[in-house]
Amino acid sequence: MRTTSTTAPRLVLAGALAAALLLGGATTGPAARAAERPGQEHTLADLAQRHGRYFGSATDNPELADEPYTALLGREFDQITPGNGMKWYATEPRQGVFDFSQGDEIVNLARSKGQKVRGHTLVWHSQLPDWLTGREWTAPELRAVLKKHIQTQVRHYRGKVFAWDVVNEAFNEDGTYRDTVFLRTLGPGYIADALRWAHQADPHVRLYLNDYNIEATGPKSDAYHELAKQLKARHVPLHGIGFQTHLALQYGYPATLEDNLRRFSRLGLDTALTEVDVRMQLPATEEKLAEQARWYRSLTEACLAVRRCVGITLWDYTDKYSWIPAFFPGEGAALPWDEALRPKPAYHALREALQTPRRGR
Ligand code: 9MR
């Protein structure tokens, strides 16, 4: 790995661990984290670890210069997803020329804080480089391009990411396959091929399909259920389904989320809430923020109630860096910390949900 040196943070971490040892505390897990900050509240990560889950946040390279932001990022979470740095346009900007500097920067930072990393994403119709979208490909050409991209990237991050979003957003709302350059050129088999190629490059990494608007049962989530069943029957290496969970107050809470997570568990798959945010029409009022807090609480309870729901990731943690205002004009306030990094009611709701004892399966 190139880029930033991690020596200084590692020394700090080593010092904290040594202190924990001297105090007779455990060296890993919630006890160690609490020992590092005597007298302070448990973090969301500490609380999630009691349930055997992680609690994470996305981040993005330009934000890492913001020190108060990175301090909170390093303290509160035990899992990080790069919001953009591992996308195709960033990692293979010219055909066959790979640049892992942005992803590496985030992986190095996460490792220096003892956080694990989800890789995002290998195959997606969006944020592709111009060299790929700007011409026609024959099927054999595109197969070779796709295989090389996936395997070079997965090999580079072997042992450094615990999971990959291998294919992102492969279906339309009605459950038909999304019309992408990959589907048009290679047919739907590109999904199984992508999973197999990723598995060859790192047999230990957990491989996911990831999408939005699949939190509630319906045609799109049914399509994933059906595809997952077929892939499992054919022994294709698929390990989990990522529920992005970009919710909006005006569309209602996906009340079937818990049942939906459970039906994927029954196929022998992990699930994860991978890109959580709950947007609203601005201005944010006390009522809307209270409703948002209830949603954050409910989605957390849903994940905790299903054994194979392995963790929750916010799509960044502060409204300061949310993608929402730029994509949905007039909407925002979607995350548990506000633009000044102050915790909102949603943050307290998350804590409450994570502090309630485990319930059934
Ligand atoms: O957070 C990402 C934002 O910075 C980018 O501009 C955007 C471009 O589409 O992608 C955002 O992340 C997306 C993620 O990769 C896949 N699911 C939807 C996310 C929000 O658009």
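This text follows the structure it describes.
Note that the structure is a prediction, hence the values are computed from the model and not measured.

Moving on, we come to the overall build of the protein chain. Broken down by element type, the protein chain carries 15 helices and 10 strands. Each of the 361 residues in the protein chain was classed as buried or not, and the buried ones make up 54%. Long-range pairs, those at least 24 residues apart, make up 76% of the contacts in the protein chain between residues at least 6 apart in sequence. For the protein chain, the accessible area works out to roughly 15,100 Å², and carbon and sulfur atoms hold 53% of it.

One side chain can pair with another of opposite charge once the charged atoms of both are near each other. Under the definition given, this model contains 21 salt bridges. Here Glu 141 and Arg 135 are joined by a salt bridge, their closest N and O atoms 2.9 Å apart. Via salt bridges that share partners, Arg 143, Asp 193 and Arg 196 belong to a single interconnected network.

What follows concerns helix H6 (residues 101-112). If you check H6, its first and last C-alpha atoms are 16 Å apart, about what 12 residues at 1.5 Å a residue would give, namely 16 Å. Considered for burial, the residues of H6 that qualify are Gly 103, Asp 104, Ile 106, Val 107, Asn 108, Ala 110 and Ser 112. Immediately downstream of H6, the backbone of Gly 114 shows phi near 70°, a positive value.

A separate point is the nonpolar core. Counting 91 residues, the largest nonpolar core has Trp 164, Leu 209, Ile 241 and Leu 273 as its most contacted members. Among the elements that take part in this core, helix H10 (residues 190-201) stands out by supplying eight residues, more than any other. With sequence-adjacent residues up to four places away left out, Leu 209 is seen in contact with Val 167, Ile 191, Leu 195, Tyr 224, Leu 227, Leu 231, Leu 238, Gly 240, Ile 241 and Gly 242.

All right, on to the side chain of Asn 168 then. Take Asn 168: it is sitting in strand E4 (residues 163-168). Residue Asn 168 is classed as buried on the basis of its relative accessible area of 2%. Looking at Asn 168, its side chain comes within polar contact range of the side chain of Gln 244, at 3.1 Å.

Attention now goes to the state of the cysteines. The full count for this structure, using the stated rule, is one disulfide. There is a disulfide in this structure between Cys 303 and Cys 309, and the S-S distance comes to 2.1 Å. What sets the handedness of the Cys 303 and Cys 309 disulfide is the S-S torsion sign, and at about -100° it is left-handed. Its relative accessible area of 0% is what places Cys 309 among the buried residues.

Rules and cut-offs
- Residues numbered from 1 in each chain as written.
- Predicted model: local features only at pLDDT ≥ 70, side-chain atom pairs only at ≥ 80, totals over all residues.
- Heavy atoms only, no water.
- Helix = DSSP H or I, 4+ residues; strand = E, 2+ residues; numbered from the N terminus.
- Buried < 20%, exposed > 50% of the residue type's maximum accessible area, 1.4 Å probe, protein only.
- Contact = heavy atoms within 4.5 Å.
- Areas by Shrake-Rupley, 256 points an atom, 1.4 Å probe, with all protein chains shown as cover.
- Salt bridge = Lys/Arg side-chain N within 4 Å of Asp/Glu carboxyl O.
- Expected span 1.5 Å × (residues − 1).
- Core = buried A, V, L, I, M, F, W, Y, C linked by side-chain atoms within 4.5 Å.
- Polar contact = N/O pair within 3.5 Å; in protein donor to acceptor, adjacent residues only side chain to side chain.
- Disulfide = S-S within 2.5 Å.

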